Amino acid sequence: MAVETTLTSSLGKAPACEKDAKALELIDQMTRSTDEVQKKVLAEILTRNAETEYLTRYHLGGATDRDSFKAWVPVVTYEDLQREIQRIANGDRSPILSSHPISEFLTSSGTSAGERKLMPTVEDELDRRQKLYNLLMPVMNLYVPDLNKGKGLYFLFIKSEAKTPGGLTARPVLTSYYKSNHFKTRPYDAYNVYTSPNEAILCTDSFQSMYSQMLCGLLQREEVLRVGAVFASGLLRAIRFLQLHWQELAHDIQTGVLTDKITDPSIRQVMLKFLQKQDPYLAQFIADECSTGKWEGIITRIWPNTKYLDVIVTGTMAQYIPTLDYYSGGLPKACTMYASSECYFGLNLNPMCKPSEVSYTIMPNMGYFEFLPHNPSSPTTDLNKPSPPRLVDLADVEIGKEYELVITTYAGLNRYRVGDILRVTGFHNSAPQFQFVRRKNVLLSIDADKTDEAELQKAVENASKLIKQFETSVVEYTSYANTKTIPGHYVIYWELLIKDPSKGPSKEVLKQCCLAMEESMNSVYRQSRVADNSIGPLEIRVVKNGTFEELMDYAISRGASINQYKVPRCVSFTPIMELLDSRVVSTHFSPTCPQWTPERKC
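Everything numeric in this text was worked out from a predicted model, so none of it was measured.

Novice: Go over the overall build of the chain with me, naming the residues and quoting the values.
Specialist: Of the regular secondary structure elements, the chain holds 21 helices and 22 strands. For 602 residues, the compact-globule estimate of 2.2 N^0.38 gives 25 Å, and the chain sits close to it at 25 Å. Reported as C-alpha extents along the three principal axes, the dimensions of the chain are approximately 70 × 65 × 55 Å. Out of the 602 residues in the chain, the part that is buried amounts to 55%. Here the analysis covers contacts within the chain between residues at least 6 apart in sequence; of these, 69% occur between residues at least 24 apart. As displayed, the chain offers around 25,900 Å² of accessible surface, 50% of which is attributable to carbon and sulfur atoms. Computed over 67 positive and 70 negative side-chain charges, the separation of the two mean positions in the chain equals 1 Å.

Okay, structure coming up:
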């Protein structure tokens, strides 16, 4: 009972089983000793990598203390490490960044000079990632009972991998995990059973993988207790797939015979276990639900026992919340984990909270974490100055302040700027909890203006309020800075979900949406519009339904990962812009200038 008492005081609830109790006790221990664990992790990393070329360059002399590390080792970006990374990619096996052999590269969804970033990793990093995965369901079981009495319908995918010139594998982090024995030979856990067989998840053909996973989900519809994907966009893609292929799926269920479109031998073999008999009743049910064209609440209509959606809806994924609500009837959305290609960070200890309240507790044993104070009003912090700002340790961040995340990993990244901006919302024991704010990027700029991802998201949200009364929402959007006009102007592409086309927003309303977006922009933008005339009226281009799915298909055809794909919030690649422009059904411009008055503050 001692373990249960400790956990009840820490998380407010009792664990579901003995295995969960041990996992929750680990969380409690780690978060009560945050700074001590961080010191230990840093010492382990520095001891382990002491003889690497990178660390010997900075003359630590075997020191493993925090002060020496901060005094001698610089804060760096990906560009600072590209030479070393390229040497490893080309086949140099000497201990450049890590004393342990680099086992593969994990490709980041971010880019550097138009190329995907290559993040070095080592074999035992899989063990650390698995430890974090093992904590997710014990936390979820505190909030949602009886998850051991059903299954999870998760749409999970891998991407075919590439080889570097030196022969190392380069692939997305989730592909690495799904293809590892940690995933493929994972022990049975009644609380964490998927409807999809490994063979379907591990198929590189996205159509065959999606089709077989959807078919398995339909065949086990009454056993499904949770529906999910990595990102909200991935789950919406699955719903779109059902809209397009329900007739074929229903036919397979009715006849008990798998479509000839599934040619992968391993999938065909495993699907024999699922399609053992004809089920005309289920086939008719699917046809009845899908043939009407009414898709509101389709998730709970098809999978009636679903308790929540397991998807990331923080950051730019927040724009999908209204659409997810539409298709799910407002089911809770659980954001369980915070991770990247560089490192896995932590988890959400209150996964059933509202999306706007999601905070992640960074687990101090995953890596060594520092935080660069971030001033939103002065985003051009320059670490190349002689006396750069002092970075803050994990246990010393302050509630309400924003920071840029800086990491040191066992795989050899030292004081590496991830580029994520986080806001401290509180503490769990001595471990801080962070809300993901945005990536540190400027999306749009015409003149002196600089509009980032968060500002653009907020502008879209504000403009969307004007079309809500017409039962219309923005399904997806992207943008670009059109400098071909004089003056240049922002172009925003919108894909709309209109519940009743006969009652959709008028042209005048959409013009007001343009103005609402401009009113939401920062003062530099509005000054450029009103006083300087250096920016023209903002333009919204409404595109056909399905356009952004085509954009995703195009990105995947060029090598993007279906798991890690995120709609770019700003585009400049000509073929993508041509695709978007070919799908435009109407264009609308801001009818007047936004409000702006000269600021008196420096």
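Novice: With reference to specific residues and values, describe the environment of Ile362.
Specialist: Relative to the helices and strands, Ile362 is located in strand β11 (residues 360-362). What makes Ile362 buried here is its relative accessible area of 0%. Dropping the residues within four chain positions of it, Ile362 is found in contact with Phe345, Gly346, Phe369, Phe371, Leu394, Ala431, Pro432 and Phe434.

Novice: Run through the sheet that holds strand β8 (residues 333-334), naming residues and quoting values.
Specialist: Ordered in space as β3-β6-β7-β8, the four strands form an open sheet in which the pairing is parallel. The outermost strands of the open sheet, each flanked by one partner alone, are β3 (151-155) and β8.

Novice: Provide a residue-level description of the packing of aromatic side chains, including the pertinent values.
Specialist: Considering all chains together, one arrives at 21 aromatic pairs under this definition. With centroids separated by 5.3 Å and ring planes inclined at 65°, the aromatic side chains of Tyr54 and Tyr58 adopt a geometry described as edge-to-face. Across this residue pair, the class does not change: Tyr54 and Tyr58 are buried. Each ring, one from Tyr177 and one from Tyr178, has its centre 5.9 Å from the other, and the planes form 55°; the classification is tilted. Ring pairs connect the aromatic residues Tyr133, Tyr154, Tyr177, Tyr178, Phe183, Tyr194 and Tyr344, which therefore count as one cluster. When the ring centre of Tyr344 is taken as origin, the NZ or CZ atom of Arg129, which lies over that ring, is 5.5 Å away. Just above the ring of Phe183 sits the side chain of Arg186; from NZ or CZ to the centre is 4.1 Å.

Novice: Residues and numbers for the packing of helix α20 (residues 547-557) against helix α21 (residues 574-582), please.
Specialist: α21 packs onto α20 with a crossing angle of 155° between their chain directions and a minimal axis gap of 10 Å. By the angle between their axes, α20 is roughly antiparallel relative to α21. The two elements α20 and α21 meet at a crossing, and its hand is right-handed. Residues Thr547, Phe548, Glu550, Leu551 and Tyr554 of α20 form the contact with α21, whose own contacting residues are Pro575, Ile576, Leu579 and Leu580. When its residues are assigned to classes, the contact of α20 with α21 shows seven nonpolar, one polar and one charged.

Novice: Talk me through the sheet that holds strand β20 (residues 489-498); I want residue IDs and the actual numbers.
Specialist: Here four strands make up an open sheet; going across it, the order is β19-β20-β21-β22 and the pairing mixed. The two strands at the open ends of the sheet, each matched to only one other strand, are β19 (472-482) and β22 (584-589). This sheet shows a mean twist of 25° between the axes of neighbouring strands, independent of strand direction. As paired strands, β19 and β20 are joined by ten bridges and run antiparallel to one another.

Novice: Requested: an account of the pattern of salt bridges, with residues and values cited.
Specialist: Considering all chains together, one arrives at 36 salt bridges under this definition. Note that Arg415 and Glu370 form a salt bridge whose closest N and O atoms lie 2.8 Å from each other. With a gap of 45 residues between them, Arg415 in the loop between β14 (402-408) and β15 (416-428) and Glu370 in strand β12 (residues 368-373) connect regions that are remote in the sequence. A residue is classified by how much of its surface remains accessible, and Arg415, at 5% relative accessible area, is buried. Judged by relative accessible area, Glu370 falls into the buried class, the value being 0%. Because the salt bridges share partners, they merge into one network encompassing Asp35, Lys39, Arg66, Lys70, Glu370, Asp393 and Arg415.

Definitions and limits used
- Think of each chain on its own: its residues are numbered from 1, step by step along the sequence as written.
- Since the coordinates come from a predicted model, pLDDT governs what is reported: local features require at least 70, and pairs of side-chain atoms require 80 or more to be given and counted, while whole-chain, interface and lining totals use all residues.
- Note that the side-chain values use all heavy atoms of the structure and ignore hydrogens as well as water.
- Put simply, DSSP H or I for four residues or longer makes a helix, DSSP E for two residues or longer makes a strand, and each gets a number counted from the N terminus.
- We take the radius of gyration over the C-alpha atoms and set the globule estimate at 2.2 Å times the residue count to the 0.38 power.
- Throughout this description, buried means an accessible area under 20% of the type-specific maximum (1.4 Å probe, protein chains only), exposed means over 50%, and partly exposed covers the range between.
- Contact between two residues is taken to exist if any of their heavy atoms lie within 4.5 Å; hydrogens are not considered.
- Where accessible areas are quoted, they stem from the Shrake-Rupley method and a 1.4 Å probe; at the residue level, only the protein chains shown are allowed to cover.
- Asp and Glu are treated as the negative residues and Lys and Arg as the positive ones, with His and the ends of the chain left uncounted.
- Taken as the charge centre is NZ of Lys, CZ of Arg, CG of Asp or CD of Glu, depending on the residue.
- Between any two strands, pairing holds if DSSP finds at least two bridges.
- Geometry of aromatic contacts follows a simple scheme: Phe, Tyr and Trp rings, the Trp one being its six-membered ring, pair when their centres are within 6.5 Å, and the pair is stacked under 30 degrees between planes, edge-to-face over 60, tilted otherwise.
- Any Lys NZ or Arg CZ found within 6 Å of a ring centre and within 35 degrees of that ring's normal is scored as a charge over the ring.
- The axes are straight lines fitted to the C-alpha atoms, using for helices just the contacting stretch, and the angles between their N-to-C directions are given from 0 to 180°.
- To sort the angles, those under 35 degrees are grouped as roughly parallel, those over 145 as roughly antiparallel, those from 65 to 115 as roughly perpendicular, and the leftovers as oblique.
- Note: crossing handedness is left-handed where the near helix turns anticlockwise from the far helix by less than a right angle, and right-handed where it turns clockwise.
- Residues are grouped as follows: nonpolar covers Ala, Val, Leu, Ile, Met, Phe, Trp, Tyr, Cys and Pro; charged covers Asp, Glu, Lys and Arg; every other residue, Gly included, is treated as polar.
- One speaks of a salt bridge when a side-chain nitrogen belonging to Lys or Arg is within 4 Å of a carboxyl oxygen belonging to Asp or Glu.

The quantities given are spatial measurements derived from coordinates; they are silent on function.
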